[in-house]
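In case you want the letters, here they are:
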Amino acid sequence: MRIIFCDDDPMVIEQLLSYVSEFFAQLGGKKVEFAYYSSGDALLNAKVRADIAFLDVEMPGVSGIHVGAKLKELNPNIKIFIVTSYPDYLDEAMRFQVFRYLSKPIDKNRLFRNLKDAVYQYNMESREFPIITNEGVFVRRAEEIICVEATQRKVLVHTIDGALQSTQNMEYWRQTLALPCFYMTHRSYIVNLHFVNSIRKDTILLKYRGREMIAYLTKRRYVAFKDTYLWYMESVK
């Protein structure tokens, strides 16, 4: 895991680095790389790919809002913390799904609670699953699986780079994909909530990389699925 800090105030970076280092020391077991920058321009010029970023808003040159949007392009699953004394930027920051908005001075306990949520989501999204096919074994991360479909006595795992015919049955996938981002909407479909674009009474539209596909939704599961989806979207903001 790589964590970056970007702020033109070295004291803020020092405090954040101290708190975040303490958090991961308590957590244990995960190797973490840190990098810090004094301006948005320096960070963007480094073309670094990160998993978690702490960004100030008002800095010389490029703003933290612009930097956050660019980091999202490099890694759509990055967890971005906006750290600032100016709450007026909240609406603008939320447009590119900022994970959390932290006010200065930094509250250590609040930071730790939010970091715990960020690490949990990171672990869920980066978890890998082997897909066994007649041609071999293909490993995909949770974030790369759009849905699993049972059709014509076949089980297809739809991923962002194509469908794989799995030799594992639907029950296997139901038990294996026991993560908050997956939901069994129908006896023939398990969908990744991250790719849901719209929900109807009996169908779900999934979108990815400019493509679309339809998954079925059992009518009696409509309310429960809708509530789960809304909760999930709120939790990943």
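Right above here is the structure, for reference.
Given the structure is predicted, the values throughout are model-derived calculations rather than measurements.

Structural notes on the sheet that holds strand β5 (residues 100-103)
Backbone hydrogen bonds hold the strands of a sheet together, and the pairing may be parallel or antiparallel. Strand order in the open sheet formed by five strands is β2-β1-β3-β4-β5, and the pairing between neighbours is parallel. The open sheet has two edge strands, β2 (33-37) and β5, and neither has a second partner. Between one strand axis and the next, the sheet turns through 15 degrees on average, direction left out of account. Strand direction decides the pairing type here: strand β4 (residues 79-84) and β5, joined by four bridges, are parallel. Bridging from a neighbouring strand, Phe81 pairs with Arg100 of β5. Helix α3 (residues 64-74) contacts β1 (2-6), β3 (52-55) and β4 of the sheet and is inclined by roughly 170 degrees relative to β3.

Digging into a nonpolar patch on the surface
Taken together, the side chains of Ile132, Val137 and Val139 define a hydrophobic patch exposed on the protein surface, amounting to about 240 Å² of accessible area. Relative to the helices and strands, Val139 is located in strand β7 (residues 136-141). Using a relative accessible area of 42% as the deciding quantity, one classes Val139 as partly exposed.

Here we look at unusual backbone geometry
The step from Lys104 to Pro105 runs through a cis peptide bond, and the omega angle for that step is -5 degrees. By the secondary structure assignment, Pro105 is in the loop between β5 and α5 (108-126). A positive phi angle, near 50 degrees, is found at Lys47, a position not held by glycine. Along the chain, Lys47 falls in the loop between α2 (40-46) and β3. One non-glycine residue with positive phi stands out, namely Gln152, at about 50 degrees. Residue placement: Gln152 occurs in the loop between β8 (145-151) and β9 (154-159).

Thresholds, definitions, all that
- Residues numbered from 1 in each chain as written.
- Predicted model: local features only at pLDDT ≥ 70, side-chain atom pairs only at ≥ 80, totals over all residues.
- Heavy atoms only, no water.
- Pairing = 2+ DSSP bridges.
- Helix = DSSP H or I, 4+ residues; strand = E, 2+ residues; numbered from the N terminus.
- Axes fitted to C-alpha atoms, helices over the stretch in contact; angles between N-to-C directions.
- Contact = heavy atoms within 4.5 Å.
- Patch = residues over 30% accessible without salt bridge, like charges linked within 9 Å, V, L, I, M, F, W, Y side chains within 5 Å.
- Areas by Shrake-Rupley, 256 points an atom, 1.4 Å probe, with all protein chains shown as cover.
- Salt bridge = Lys/Arg side-chain N within 4 Å of Asp/Glu carboxyl O.
- Buried < 20%, exposed > 50% of the residue type's maximum accessible area, 1.4 Å probe, protein only.

Keep in mind that these numbers describe shape and distance, not what the molecule does.
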